[in-house]
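Residue-level structural notes
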Amino acid sequence: MRPLVATVDLAALRHNYLYAKQCAPERKAFAVVKANAYGHGVREAVTTLRDIADGFAVACLEEAIEVRAVHGEARILLLEGCFAAEEYLAAAQLRLDVAVQGEAQVEALLSASLVRPLNVWLKLDSGMHRLGFVAAKLRECFGALKQAPQVAELNLMSHFACADEHEHPLTRQQLEYFLSVQDLPVGQRSLANSAAILTLPAAHMDWIRPGIMLYGASPFADRSAASLGLKPLMTLTGQLIAIRDVPPGECVGYGASWIAGRPSKIGTVSCGYADGYPRHAPSGTPVVIRGQRVPLAGRVSMDMLAVDLSDLPAAQIGDEVELWGAQLPVDELAQACGTIGYELLTKVTPRVPRHYR
Ligand SMILES: Cc1ncc(COP(=O)(O)O)c(C=O)c1O
């Protein structure tokens, strides 16, 4: 069997969910489990949180169906709403909460004959300009949906664009814009993602929507998950499958981009970009072997990558190699590769087995 595994610590998920709730006392939380629970496995994530989560949030009906299969009762919010008119029928059958973010969705909802009314989250475009209505339009939609037989609760939500950046002026503007429709008699309000949960209590409203923090990664470029009190879930572990001596002047890997500047010991690791490890990770990016960081040497291949073991002479074939996880925060690797932990976690491919602890 190929020695590469993503170990997922489900106790850490419970810890991080409860921590999000502690940050926003008395509020309810939709645990955001879209994209296969950010790559960790949606069935296991929902099962782990089923007795403590107030609800779950997903990106589409297909993901909602997976959550409903594990949890018959949970509130499940479709963050982008329905993509086609017939999805409202399924949403009602599955007892979903749906975001309504555009006029076409309002029309489709008002024309639908549903088995039961839906909880609707009208989405305000408070400044991100991705989804949602400006305030005046939102008020119109509120009027149109208020008495509609298709609607049970009529709620309000929006989403931050820059809450992960310290004191970004847009965050304050978005919050003020959200509060400018405060007079509308909506049922529940929801605004905060992980960054706002951790740093902006004024945005907590009735329901928070923690995503990345549940998985023990940081939404902030300049604050580690550990310093925020979060525990990492996923550790991606491969193995040293070959070791060789490479004399000075000889190269390693595709493109011959890494050249030994000294007599070098090069290890080959059972992880590559087809597993989700970023191909653009530069030489020098750390991995951890025997508790010590050693640098990548040369380009990441599809199924393997090379590391320079010259400063770790004890390394042997069969040694475990941590690509990220408990000893090397995924955010640190992400930063070295010019991306974010979200991307690395969600891109671990299906061929990497997940082992749950
Ligand atoms: C609408 C919405 N709410 C909440 C979240 C969770 O955000 P985060 O993972 O930053 O907590 C997301 C994630 O992209 C989202 O799209």
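Just so it is clear, the model here is predicted, and its values are computed rather than measured.

1. Looking at the overall build of the protein chain
For the protein chain, the helix and strand inventory stands at 11 helices and 18 strands. Its C-alpha atoms give the protein chain principal-axis dimensions of about 75 × 40 × 35 Å. By the burial criterion, 55% of the 357 residues in the protein chain qualify as buried. The contacts in the protein chain between residues at least 6 apart in sequence include a share of 64% that link residues at least 24 apart. Element-wise, carbon and sulfur atoms account for 52% of the exposed surface of the protein chain, whose accessible area totals about 15,200 Å².

2. A short note on the UniProt feature "binding site: substrate" (unreviewed entry) in the protein chain
As recorded in UniProt, the sites labelled "binding site: substrate" (unreviewed entry) are Arg-130 and Met-302. Separation in sequence by 173 residues is matched in space for these annotated residues, since their most distant C-alpha atoms are 34.1 Å apart. Secondary-structure assignment places Arg-130 in the loop between strand E6 (118-123) and helix H7 (135-146). Along the polypeptide, Met-302 turns up in the loop between strand E15 (292-295) and strand E16 (305-308). Every residue in contact with Met-302, bar those within four places of it in the chain, is listed here: Gly-272, Tyr-273, Ala-274, Asp-275 and Arg-351.

3. Focus on the UniProt feature "active site" (unreviewed entry) in the protein chain
The positions UniProt marks with the feature "active site" (unreviewed entry) are Lys-34 and Tyr-254. A stretch of 221 residues holds the annotated residues, and the largest C-alpha distance among them is 35.2 Å, long enough that they do not meet in one place. Within the secondary structure, Lys-34 sits in helix H2 (residues 34-38). Exposure remark for Lys-34: the relative accessible area of 29% places this residue in the partly exposed category. Contact partners of Lys-34, with chain neighbours within four places excluded, come to Ala-57, Val-58, Ala-59, Glu-63 and Leu-79. Taking the relative accessible area as the measure of exposure, Tyr-254 reaches 58% and is therefore exposed. If near-sequence neighbours (up to four positions away) are discounted, Tyr-254 is found in contact with Arg-299 and Ser-301.

The rules behind these values
- Residues numbered from 1 in each chain as written.
- Predicted model: local features only at pLDDT ≥ 70, side-chain atom pairs only at ≥ 80, totals over all residues.
- Heavy atoms only, no water.
- Helix = DSSP H or I, 4+ residues; strand = E, 2+ residues; numbered from the N terminus.
- Buried < 20%, exposed > 50% of the residue type's maximum accessible area, 1.4 Å probe, protein only.
- Contact = heavy atoms within 4.5 Å.
- Areas by Shrake-Rupley, 256 points an atom, 1.4 Å probe, with all protein chains shown as cover.
- UniProt positions renumbered as here; feature names shortened; annotations may be inferred.

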